[in-house]
Amino acid sequence: MSDAAKQITLTIDGVEVSVEAGTTVLQAAEHAGVVVPHYCYHPGIPSRPAQCRMCLVEIEGQPKLQPSCVFPAGDGMVVRTTSETAETARKSVIEFLLLNHPLDCPICDAAGQCMLQDYAFETGQLRSRYAEAKMVLGRDRVAEDILYFGDRCIVCTRCVRFMEDIAGDNALVVAQRGHKAYIDTFPGRDLDHAFRGNIVDVCPVGALVHEDFVFKARAWDMDSSPGICPGCSTGCNIEVNVKENQVVRTKPRLNPDVNSYWMCDHGRRSLVMSNRGVRAEAPMVRQGGELEPASWNEALAWVAGELNGSSGIALVSAGVSNEALFYTRALLERIGVEGGTFQVEQGDEVTLSGFPKLKLRADRAPNAVGAELHRFTRADGLPEVPDGATLVVLGDAISNAPADYGANAGFFLYIGSHLFPAVGNATAVLPAATVAESDGTFVNYEGRVQRFHRALRTPGVARPTWMFLSRLLEHLGGESGVREIDDAFAAMATGTAGLEGMSWAGLGLRGELLSEAGQPAVAAE
Amino acid sequence: MGYPYSHDLEVGTQLSRHFGDERARTLEGWKGLGGYATLPKALEMDPDAITEVVKNSGLRGRGGAGFPTGVKWSFMPKEPNGAHYLCCNADESEPGAFKDREILRWVPHLLIEGCLIAARAIRAEHVYIYVRGEFFPFSAILRDAVVEAYEGGYAGEDILGSGWSCDVTVHLGAGAYIAGEETGLMSSLMGGRAEPWIKPPFPAQSGAFGRPTTVNNVETLAAVPMIVAEGADWYRQWGTDKSPGTKLWCCSGHLERPGTYELPLGVNLRDVIYEVCGGAPNGKKIKAVIPGGSSTAMLTDDELDCSGCYEGMAEAGSALGTASPIVMNEDTSIVSAMRRIAQFYAHESCGQCVQCREGTSWTAKILHRIEVGEGTAEDLDTLYHLCVQMTGRTICPLADSVVFPLVSSLDKFKDEYEALIKR
């Protein structure tokens, strides 16, 4: 495609910019650092109806204002996005959109993150000239878990077009026409697609809201951290929204190599659900028959003294970070335990037809490839524990184990975040931070190493696994423990095939593929 | 001839000659009246030669925009690589227009013949006749005619033994004004909502079902057989240089003899209203005329001396549109009439573009308020503002359609608005 590679130069608001031929004026403006307000255009949705008329700009030689979202940039073109005509037109669109808008920002979940609110403040008038009664559409449920506030809707049809273009499921439609138009499910159809939650994210206003989030948090009350969805082996890049140390919402974060702008509903719930369960908040050691709390120093020294590898077995989780797995492997090597297994819960696979690389994958754990990278093997079911053996458990590997599991072990070391029934048999408990509470990396199905960042404070004195295991190794005569994730990653990268040359900083927020040495066997899909 | 009244101006064309003649509806009767004589000739012609004749005839689109038909056909790819389609736009919904309806119900075979000749010219393999949803009885007449055309070998496989095949499908819409806009028509034809799409892609590049498509009005296609039969010069004996031929005029409102009349383009509008239609009944004066269907600018009685053709009406500050003068006598409230027009467009807006979706309904509400005596002086400023913001800002011209009559009524009948506001 020699045409596509051809560069053209145009001027946008006085800024000269060179772009590839075929770029739209709106995209070219982005290159020039000029934001053209828009509603119906969404970079991830291919159809561009140019219907919100918000992105109209003045182009020299064109008699009318043109929608920049579809108008192709031309060589030598002169574009003005802030000319008086363009500004007035935009101001007028805002006025039109607000005619029947309830202006219920004080109770709207989108307030603070709302494109209508932002542009209304930027360009709108203080007073509406609209003297008529507002239309009232009320609230509807478009899906089991999604509410539709019809009055707030600006009928940009992003949601309808997401379902049509990306999900490949025409469950949503525009009902009625003209000023009575609203969004609804097609008669007789349910909006039950596994990726339906994305319609809430693409909504530029507060018309579509997840029911489990409605009225829960204001935009400015939440902190946000970049994370990786732990729901399956795809490793969707996400934004974790936290309020009062609880995950209240997860949203997809753009990564064109992994999930584009999207994520599935299964994943959307996974971190929110991690708020639940009974947590291990302090180290515990079994002295005099009872598990007793201890300080980290006492506990680590005690474990270092008591732990030995006699006929030991290890069980790890595919839901913990590579760094946790790396230091667990180092600990096992130190005490002479070989092997180690992990289980992966299986589920139905769902493909997003408009972006087929993105699937809710059968492996419902984020780091199975990482566990294999650290030489743990996939197994079905829990291994039998030989009487008197050493048992090392990492993470939620025993979440469903019977309550007497490990009771016959000689030494049962539990490293994890939650107190599952079988943890009652442990000889020592080292309380770990969850995925949302620590920094770390996962390796997804195709061998992409991706960073996730700490979003929550840990309860009690729980700490990231890599942090306290590196100190335990120090007690056992190893190198001094690490306190920072980049050091933990660097220690891991030096000794692990596939991670050569990688650094925490170098991974950035888009991740990096494993070198050939560490490529998973199933990488090619 | 006109329908239901005849008029004195002698125009010898085929468009309306058989209006009112039941025989024209059946294949046998139509053949007896000289029908289907041109199709065999067209089948022997090179497709581009047909286009050339139509181009030379100067025939302009009768749907309102007046785009030269032959030029439109010439946009279609010459070397088909896949299907081409012809859409016949029979979604006649413009208030005031009732010309296509007469063609559908009196001379359906004329339309079918025109469609097939046009399909031949643009190398289409399928003709879709998109009929307005409310035209249920007329679509039944057309359907019967299509069945007969198939039986007679005029449509379908191997037409008249020429080896050329073309299907004709009658598609009944669900009743939306905007399905009469060509891209809206194709959206609806493809099973979607009748929502116009932004061009490009133009229909000749990617139209119905993503294939090159031409959309032509019923009256345009009905004029094609006579042009191909008699030649471009013959057709040019009527009309003006830029607007050749005859046109069906749909005259409604306060008239002595309202109806559909076939008149040459370039006829004086005053003659159409006073001579042909006999002026307003009961000796009333005429206050205003909307000359081209409800979406054109109003003219006052003083402004009626203009040439009834595309360029003449533009000169007069209005538009020929579908040549459908709506006449309002001196008792008419312009504000009420305008409110009714605005309500129509608010009801028919597809709802895509914000200016149209919100602007048409806001306009109608303001006009209603003024009409019932609750208007304010600012309302007129707001209306003017709306007129600016609804012009040329949207995908299709529906919003503009309110603006043309609205601005002209504000300019020419401001006193009526002000009187209601002051009351």
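A brief look at the structure comes next. In this text, all values refer to a predicted model and were calculated from it rather than measured experimentally.

**Overview of the overall build of chain B**
So, step 1. In terms of regular secondary structure, chain B is built from 17 helices and 12 strands.
So, step 2. Computed over its C-alpha atoms, the radius of gyration of chain B comes to 22 Å, within 12% of the 22 Å expected for a compact globule of 423 residues.
So, step 3. Burial status across chain B gives 57% buried among its 423 residues.
So, step 4. If you take every contact in chain B between residues at least 6 apart in sequence, the share linking residues at least 24 apart comes to 70%.

**Focus: helix α16 (residues 398-412) of chain B**
Count 3.6 residues to each turn of an α-helix, and residues three or four apart come out pointing the same way.
So, step 1. In this model, α16(B) (15 residues) spans 22 Å end to end at C-alpha, consistent with the 21 Å of a helix rising 1.5 Å per residue.
So, step 2. Structurally, α16(B) contributes buried residues whose contacts are with β9 (286-290), α13 (334-348), α14 (354-371) and α15 (377-389) of chain B.

**Side note on the sheet that holds strand β16 (residues 313-317) of chain A**
Residue and element names in this part refer to chain A.
So, step 1. One open sheet holds the eight strands; their spatial order is β15-β14-β23-β22-β21-β16-β17-β20, and the pairing between them is mixed. For this open sheet the edge positions go to β15 (290-293) and β20 (377-378), each flanked by a neighbour on one side alone.
So, step 2. By the bridge criterion, five bridges tie strand β21 (residues 390-394) to strand β22 (residues 411-416) in an arrangement that is parallel. Bridge pairing in β22 places Leu-394 opposite Ile-415.

**Focus: the environment of A:Thr465**
All names here are of chain A.
So, step 1. If you trace the backbone, Thr-465 turns up in helix α11 (residues 465-475).
So, step 2. Judged by the 28 C-beta atoms lying within 10 Å of it, Thr-465 falls in the buried class.
So, step 3. For the pair formed by Thr-465 and Phe-186, sequence separation is 279 residues and the distance between their alpha carbons is 49 Å.
So, step 4. Contact partners of Thr-465, with chain neighbours within four places excluded, come to Val-320, Ala-324, Tyr-327, Ile-415 and Ala-432.

**Let's talk about the packing of helix α3 (residues 84-99) of chain A against helix α4 (residues 115-123) of chain A**
Residues and elements named next belong to chain A.
So, step 1. It is at 10 Å that the axes of α3 and α4 come closest, and there the two elements cross at 125°. In terms of axis orientation, α3 runs oblique to α4. Crossing angle aside, the handedness with which α3 passes α4 is left-handed. For the pair α3 and α4, contact is made by Arg-90, Lys-91, Ile-94, Leu-97 and Leu-98 and by Leu-116, Tyr-119, Ala-120 and Thr-123, respectively.

**Some points on the sheet that holds strand β10 (residues 208-210) of chain A**
All names here are of chain A.
So, step 1. The strand order β6-β7-β10 describes an open sheet built from three strands, whose pairing is antiparallel. Looking at strand neighbours, the two that pair on one side only are β6 (139-143) and β10, the edges of this open sheet. Within the sheet, the average angular offset between the axes of one strand and its neighbour, ignoring direction, is 35°.
So, step 2. Judged from the four bridges that link them, β6 and strand β7 (residues 146-149) form a sheet pairing that is antiparallel.

Criteria and thresholds
- Sequence order sets the numbering: in each chain, residues are counted from 1 along the sequence as written.
- Ligands are numbered from 1 and chains lettered from A, in the order in which they are written.
- Side-chain atom pairs in this predicted model are given and counted only at pLDDT of 80 or more, local residue features only at pLDDT of at least 70, and totals for whole chains, interfaces and linings cover all residues.
- Helix numbering and strand numbering both begin at the N terminus, where a helix is a DSSP run of H or I of at least 4 residues and a strand a DSSP run of E of at least 2.
- Radius of gyration here is computed from C-alpha atoms only, and the compact-globule reference equals 2.2 Å multiplied by the residue count raised to the power 0.38.
- To assign burial, the other C-beta atoms lying within 10 Å of each residue's own C-beta are counted, with C-beta atoms placed from the backbone; 20 or more indicates buried, 12 or fewer indicates exposed, and intermediate counts indicate partly exposed.
- The contact criterion used is a C-beta to C-beta distance within 7 Å, with each C-beta placed from the backbone.
- To estimate the expected span of a helix, subtract one from its residue number and multiply by 1.5 Å.
- Between any two strands, pairing holds if DSSP finds at least two bridges.
- Orientation is described by lines fitted to C-alpha atoms, with helices fitted over the stretch in contact, and by angles between N-to-C directions that extend from 0 to 180 degrees.
- For classification purposes, angles smaller than 35 degrees are called roughly parallel, those larger than 145 roughly antiparallel, those between 65 and 115 roughly perpendicular, and all remaining angles oblique.
- Crossings are sorted by hand: turned counterclockwise from the far helix by less than a right angle, the near helix makes the crossing left-handed, and turned clockwise it makes it right-handed.

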